[in-house]
Every structure is written in C-alpha cells, then in structure tokens.
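As a plain string of letters, each chain reads:
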Amino acid sequence: MIKIDIRKKLQGAMGAMNLEVNLDIKDGEFVAISGESGSGKTTLLRILAGLEDSDGLIEVDGEIWQDSHNILTPQKRKIGFVFQDYALFENMNILQNLLYVNEDKALALYLLEMTQLQKLQSRHPNSLSGGQKQRVSICRAMMRKPKLLLLDEPLSALDPFMRTKLQQELLNLHKEFNTTTIMVSHDPSEIYKLATRAIVLQNGNIKVDGRTKEVLLKTQGSQKFSFEGELLELKKVDVIYIAIVAIGQQIVEVALSEKESYGFKVGQNITLSTKAFSPTVH
Amino acid sequence: MFKILSSINYEPFFLSFKLASLTMTILFLISLPLSWYLSQTKSNIKPFIEAITALPIVLPPSVLGFYILWALSANSPLGAFFENVFGVKLVFSFTGLVVASCFYSLPFMVQPLQGGFESINKNMLEASYLAGKSKLQTIFRVALPNMKPALLSALIVTFAHTIGEFGVVLMVGGSIPGETKVASVAIYEMVEIMDYSTAHIYSIIMLSISFIVLLSVYLFNANYNKRFGFTK
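Definitions and limits used
Throughout this document, residue positions are counted from 1 along each chain, in the order its sequence is written. The lettering of chains begins at A and the numbering of ligands begins at 1, in the order of writing. The model is predicted, so local features are restricted to residues of pLDDT at least 70 and side-chain atom pairs to those at 80 or more, both for listing and for counting; the totals for chains, interfaces and linings are taken over all residues. The numbering of helices and of strands both runs from the N terminus, where a helix is a DSSP run of H or I of at least 4 residues and a strand a run of E of at least 2. Using C-beta atoms placed from the backbone, we call a residue buried if 20 or more other C-beta atoms fall within 10 Å of its own, exposed if 12 or fewer do, and partly exposed for counts in between. By the criterion used throughout, residues are in contact when their C-beta atoms, derived from the backbone, lie within 7 Å. Angles shown run from 0 to 180 degrees and are taken between the N-to-C directions of axes, each axis being a line fitted to C-alpha atoms and, for helices, limited to the stretch in contact. Here is the rule for angles: anything less than 35 degrees is roughly parallel, anything more than 145 is roughly antiparallel, 65 through 115 is roughly perpendicular, and the remaining ranges are oblique. By the definition used in this description, the sense in which the near helix is turned from the far one sets the handedness, with an anticlockwise turn below a right angle giving left-handed and a clockwise turn giving right-handed. Under the convention adopted here, Pro, Cys and the residues Ala, Val, Leu, Ile, Met, Phe, Trp and Tyr are nonpolar, Asp, Glu, Lys and Arg are charged, and Gly plus all remaining residues are polar. What makes two strands pair is DSSP finding at least two bridges between them. Segment limits for the domains were obtained from an automatic or database-derived domain assignment. The nonpolar core is taken to be a set of buried Ala, Val, Leu, Ile, Met, Phe, Trp, Tyr and Cys residues joined by way of C-beta atoms within 7 Å. Here the arc refers to the directions that run from the helix axis out to each C-beta atom.

Enquirer: Pulling in residues and values, what's your account of unusual backbone geometry?
Expert: Residues and elements named next belong to chain A. Of note in this structure, Glu153 is not a glycine but carries a positive phi near 40°. Secondary-structure assignment places Glu153 in the loop between strand S7 (148-152) and helix H5 (160-177). With 20 C-beta atoms packed within 10 Å, Glu153 lands in the buried category. Although it is not a glycine, Asn178 adopts a positive phi angle of roughly 50°. Residue placement: Asn178 occurs in the loop between H5 and strand S8 (180-184). We classify Asn178 as exposed; it has 12 C-beta atoms within 10 Å.

Okay, here's the thing in structure tokens:
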C-alpha cells in the first residue's frame with residue numbers, strides 16, 4: 001500500500017502552478033498517468049523517487065519515505081526508475097549495468113533471459129538499438145527489487161513495432177514480479193494494455209481517476225462507437241456539408257445537414273459517434 | 001653531439017617534472033570536489049567562485065607572484081604558521097613553488113573537470129543514486145569513466161602548464177640550483193649569460209615534450225570520440 005499526499009509549487013510554462021496530489025495505490029497495482037505537458041506528471045515521479053523535494057507525506061508499505069520531519073534520499077528508497085532517454089551507464093557493458101545496482105548475478109541473468117538480451121550481455125550500450133537500450137534500462141530498474149517502479153514515458157521514443165513488443169515484456173515482468181508500478185504515458189492503447197487504473201493530471205491536480213476501461217472508453221449511453229478528433233475542414237457541397245476530421249492517423253469524411261454543421265469551427269476538437277447506422281456529430 | 005648532450009645538466013628538468021607531478025596530484029584532489037560542486041550547484045555564489053578560479057588565466061604572473069610571495073613570506077600569517085608549526089620556509093623553497101603552482105594552475109584543472117561533469121547526462125547520475133550509490137561512488141564509477149577526454153585534458157594540461165610556468169616561479173622561488181631552478185628559469189639564465197647552445201638544447205627539449213604531450217591528448221580524444229560515436 002502506497003500513500004501519497006504531496007504539494008509543491010511549480011514554475012510551469014503557463015506561470016506558477018500548484019502540484020497537489022493525494023493518492024492511495026494498492027500493492028501490485030499498475031497505474032498510468034497521462035495529461036498535457038506541464039501538468040506535473042514527470043515532477044510527480046521525481047518527487048516519489050526523492051529526486052525533487054516537496055511538502056507532504058509519502059508512505060510505502062508502512063515505511064515513511066517522506067513526512068514533515070524526514071525525507072529519505074533517493075539512495076534509501078527502493079525505487080526502480082526508467083527514464084525516457086534510457087540513461088544507461090555508457091562505460092559499463094549490459095551485465096555490468098545490472099550488477100552495478102545489485103550483485104545478484106542470478107537475478108540479472110534471469111531478467112536478461114526474460115527480455116531476450118542474454119546474448120548482448122557483454123555489449124556496451126552505445127552499440128544497442130533504442131528498443132534494446134530501453135529493455136536494459138527496465139531490467140536495471142528491476143535489479144533494485146523495487147517496491148515501486150516508475151516509468152517516465154518509457155516507450156515514447158520507440159517505433160510502433162518495438163512499442164508493442166516492449167509493452168508485452170512490461171506486462172510479463174509485471175505478472176512475474178507484481179511490482180507496484182506508475183507509468184507516465186500518452187498512448188491510450190498502451191495504457192489500456194498495461195494499466196489497471198488510469199489517472200489524468202491537469203494543472204497539477206488529479207482530474208480523472210478510475211479503472212482504465214471507464215476512463216478510456218468514450219462511448220456513452222446508446223452510442224455504438226465514438227472517436228475524438230480534430231475538425232480540419234467544413235465545406236458546403238450542394239445542399240449538405242462535408243466535415244473532414246482527423247482521428248488519430250486517419251482522415252475521415254462525414255456528411256452533415258446544414259443544421260448539424262452549425263456552430264463548428266475548423267481546428268476544434270470534436271467527438272464523432274454513431275447510434276445504430278445514423279452517424280451524429282456533436 | 002653526444003658529448004655536448006651528456007655534458008648538459010638535466011637537473012632543472014627533473015625539478016620541473018617533480019614540481020609538475022606534485023602540483024597535478026594535489027590539484028586533482030582539490031579540484032575534484034570543487035569542480036563537482038560547481039557542475040551541480042545552482043547557487044548564486046557559483047559565478048563568484050568561477051571568477052576567482054579563473055583569475056590565474058588573466059592575471060599577469062608578476063601580480064600573482066607578488067601576492068603569493070607576500071602571502072607566503074614569514075611576515076604573513078600563513079608563512080608564519082608554516083614556519084612555526086612545520087618548520088618549513090615557503091619563500092625561495094621547493095615547497096613554496098608547489099603552493100604557488102597550485103594557485104597558478106588551478107583553472108587548468110578545474111575548468112576541464114567542471115566541463116566534463118556538466119557534460120554527463122544528469123539522468124545517468126540520478127540512475128546511480130536510485131541504484132543506492134552514494135555521490136562519491138557515482139563520481140568514481142559513473143561520472144569520471146564517462147568523461148575520460150576531459151579527465152585526461154585536465155591532468156595533462158595542468159602538468160604541461162606547470163612545466164611551462166616562468167614568472168610566478170621566478171618571483172616565488174628565485175633560482176636556487178637543485179631547489180627552485182626549474183627548466184624554464186634555467187633557460188632564462190642561460191640566455192642571460194649568453195650560453196646559447198645550452199639554451200638551445202633546453203628549449204628544444206621543452207618544445208618536443210610539450211608537442212608530444214599535446215599530440216597524445218588530441219590523438220586520444222579523437223580515438224575516443226570515434227569509438228563512442230561522438231561527433232564533437
């Protein structure tokens with residue numbers, strides 16, 4: 001059980017902002033945090049790791065990591081941290097990177113085997129691909145036998161194929177070790193696959209906190225499907241209007257009546273959904 | 001030719017090397033914590049410390065020499081302290097030369113080390129802290145091994161710069177044979193007494209050593225950057 005109740009004043013791009021997070025996380029839970037850039041996601045992870053100071057309480061399994069009297073240094077917290085830029089020790093080979101954290105060679109070899117890296121164990125980080133580096137970085141974090149694993153957009157620098165592969169590996173590791181995990185991610189499919197709980201931060205506060213499915217699935221009531229997109233163009237063709245909408249990587253055309261098209265502006269974020277076979281835009 | 005070479009007194013060179021090795025070692029120990037602090041701090045006093053550390057680069061050696069001479073003399077508290085407690089005279093002695101060289105060469109050790117520490121990915125250092133390692137372990141096992149060119153530059157340039165110093169050495173040490181008469185001072189003296197052949201030999205030795213030292217630094221860095229894929 002992890003209790004977090006922290007406050008910190010931040011200087012963001014939009015001026016001063018208060019980060020205020022109050023969270024209870026159950027053992028073995030996999031929590032995904034998303035939110036706009038500058039909403040305090042990375043700062044929250046860094047505060048949990050002890051890399052930045054803040055006011056308030058952090059308690060992990062009954063052990064106080066931080067309260068008004070004491071703050072444990074990063075060295076004393078059992079944290080596994082995976083950085084977006086891998087941050088491997090360039091002067092050490094892969095196996096040495098793992099053994100630097102913890103001299104348990106059996107665990108190191110087991111983790112390398114799980115992530116199919118055992119053949120690369122004597123290579124240096126600069127000779128690996130991004131996906132391989134990030135796998136080493138995840139293994140290195142697990143070497144600490146962490147009570148809390150923190151992943152800061154771990155897969156965002158990788159191509160889609162490598163992402164899918166590493167998502168599976170993260171899932172395998174989570175099943176195997178059942179480590180309580182907090183991951184910052186912007187990818188809904190990644191969050192859906194990995195996390196059991198999704199939190200959305202906005203301006204330093206928790207805006208949404210719920211089960212992954214409830215947070216991510218946008219359909220409501222009798223809607224059969226629902227997409228969020230950006231209105232790119234709205235043009236009049238004869239008696240109807242055609243809306244061009246970007247949904248993810250796809251561009252979609254939707255026919256609207258004059259009444260339906262009223263009030264929309266190009267560049268606006270819209271929800272596109274349908275009930276039965278009659279599409280509606282609202 | 002051999003006769004001339006063997007008749008030359010090489011003592012000033014041994015003295016120069018002894019001085020440079022000692023200065024390099026002492027400065028490394030002093031500069032390591034100082035440059036680490038400068039690379040990590042966001043404190044307002046950082047620019048002041050940086051400016052003071054860089055002073056020896058721009059000050060005329062005579063100014064530096066004068067102040068050091070004044071500070072080390074038996075009339076100053078520091079000089080008196082050394083004379084009373086350790087029985088060491090700092091002015092016109094080898095020990096005084098070492099102290100003076102440490103001031104004179106300080107920026108040549110601190111600046112490359114600070115640059116090296118600053119070039120290390122902060123996340124890499126944090127990853128080491130999160131692995132439970134102390135700052136000291138992080139410096140020796142992660143930071144220094146990942147900045148070998150900067151480390152080598154700091155050590156070699158400090159060494160070479162100490163060998164090459166003249167003004168401060170002359171003012172603080174004078175020219176006592178076997179004690180403070182280092183190579184650069186010896187050359188000056190040879191020219192003064194118009195012994196040009198000895199001056200030539202001394203000078204060509206200094207020139208060759210300096211060139212070889214600098215060449216090896218640049219060769220090492222080129223090779224290191226190629227191996228680790230840096231384009232810098």
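And the narrative resumes.
Enquirer: Before we move on, could you go through the environment of Pro146 of chain A and cite the residues and values that matter?
Expert: Residue and element names in this part refer to chain A. Inspection of the secondary structure assignment puts Pro146 in the loop between helix H4 (130-143) and S7. Given 20 C-beta atoms within a 10 Å radius, Pro146 is considered buried. Along the sequence, Pro146 and Thr179 sit 33 residues apart, while their C-alpha atoms lie 7.1 Å from each other. Ignoring sequence-local partners within four residues, the contact set of Pro146 consists of Lys78, Ile79, Gly80, Ala141 and Thr179.

Enquirer: Outline the interface of chain A and chain B, supporting the account with residue identities and numerical values.
Expert: Each partner contributes to the interface: chain A provides 16 residues, whereas chain B provides 16 residues. Mapped onto the side of chain A that touches chain B, the elements with two or more residues apiece are strand S6 (79-82) and helix H2 (94-101) of chain A.

Enquirer: Give me helix H1 (residues 41-49) of chain A: which residues, what numbers.
Expert: All names here are of chain A. In terms of residue burial, H1 counts as a mostly covered element, since 7 of its 9 residues are buried. Turning to H1, its buried residues number three or more, namely Lys41, Thr43, Leu44, Leu45, Ile47, Leu48 and Ala49. Taken from the residues just after H1, Gly50 is the one with a positive phi, measuring 85°.

Enquirer: I'd like a description of the packing of H2 of chain A against helix H3 (residues 105-114) of chain A, backed by residues and values.
Expert: Residues and elements named next belong to chain A. Close contact between H2 and H3 brings their axes to 10 Å; oriented N to C, the two are set at 130°. Comparing their axes, H3 and H2 come out oblique. The chirality of how H2 crosses H3 is right-handed. Within the contact between the two elements, H2 uses Leu95, Leu98 and Leu99 and H3 uses Lys105, Ala108 and Leu111. Looking at the contact of H2 with H3, its residues break down into 5 nonpolar, no polar and 1 charged.

Enquirer: Describe the pairing of strand S3 (residues 30-35) of chain A, and please don't skip the residues or the numbers.
Expert: Residues and elements named next belong to chain A. A large share of S3 lies buried, amounting to 6 of its 6 residues. Every second residue of S3 is oriented toward a common face, with Phe30, Ala32 and Ser34 on one face and Val31, Ile33 and Gly35 on the other, all of them buried. Alignment of S3 against S8, held across 4 bridges, turns out to be parallel. When the sheet's bridge partners are listed, Val31 is paired in S8 with Ile182.

Enquirer: Residues and numbers for the packing of helix H4 (residues 61-72) of chain B against helix H6 (residues 94-119) of chain B, please.
Expert: Residues and elements named next belong to chain B. Packing of H4 against H6 brings their axes to within 11 Å, and their N-to-C directions diverge by 135°. Comparing their axes, H6 and H4 come out oblique. When you trace H4 past H6, the crossing you get is right-handed. Taken together, the residues of H6 that come into contact with H4 (itself represented by Leu64, Ile68 and Leu72) are Gly96, Val99, Ala100, Phe103 and Tyr104. Here the contact of H4 with H6 is built from residues that sort into 7 nonpolar, 1 polar and no charged.

Enquirer: Residues and numbers for the domain arrangement of chain A, please.
Expert: Segmenting chain A into domains produces domain 1 (2-216) and domain 2 (225-281). Computed from C-alpha atoms alone, the centre-to-centre distance between domain 1 of chain A and domain 2 of chain A is 38 Å.

Enquirer: Which residues make up the nonpolar core, and what are the values?
Expert: If you look at the biggest cluster of nonpolar residues, it comprises 106 residues, and the most contacted ones within it are Phe81, Cys139 and Leu150 of chain A together with Ala100 and Val172 of chain B. Sorting elements by how many residues they give to this core places H6 of chain B first, with 12 residues.

Enquirer: Could you give an account of H3 of chain A, with specific residues and numbers?
Expert: Residues and elements named next belong to chain A. Along H3, the residues classified as buried are Ala108, Leu111 and Leu112. Angularly, the buried residues of H3 cover 100° about the axis, an arc narrow enough to put them on a single face. Exposed side of H3, more than 90 degrees from the buried face: Ala106 and Glu113 are the residues found there. At its buried positions, H3 is contacted by H2 and H4. Looking one or two residues past H3, Gln116 carries a phi angle of roughly 55°, positive in sign.

Enquirer: Now, about the pairing of strand S12 (residues 240-247) of chain A: what can you tell me, with residues and values included?
Expert: All names here are of chain A. By the bridge criterion, 7 bridges tie strand S11 (residues 225-237) to S12 in an arrangement that is antiparallel. Residue Val237 lies in a different strand from S12, and its bridge partner there is Ile240. Hairpin geometry of S11 and S12 is characterised by an intervening segment of 2 residues between the two adjacent antiparallel strands and by a positive phi of about 55° at Asp238. The pairing of S12 with strand S13 (residues 250-256) spans 7 bridges and is antiparallel. In the sheet register, Ile242 faces S13, and the bridge partner there is Ala255. Counted between consecutive antiparallel strands, the loop separating S12 from S13 contains 2 residues, among which Gly248 sits at a positive phi close to 60°.

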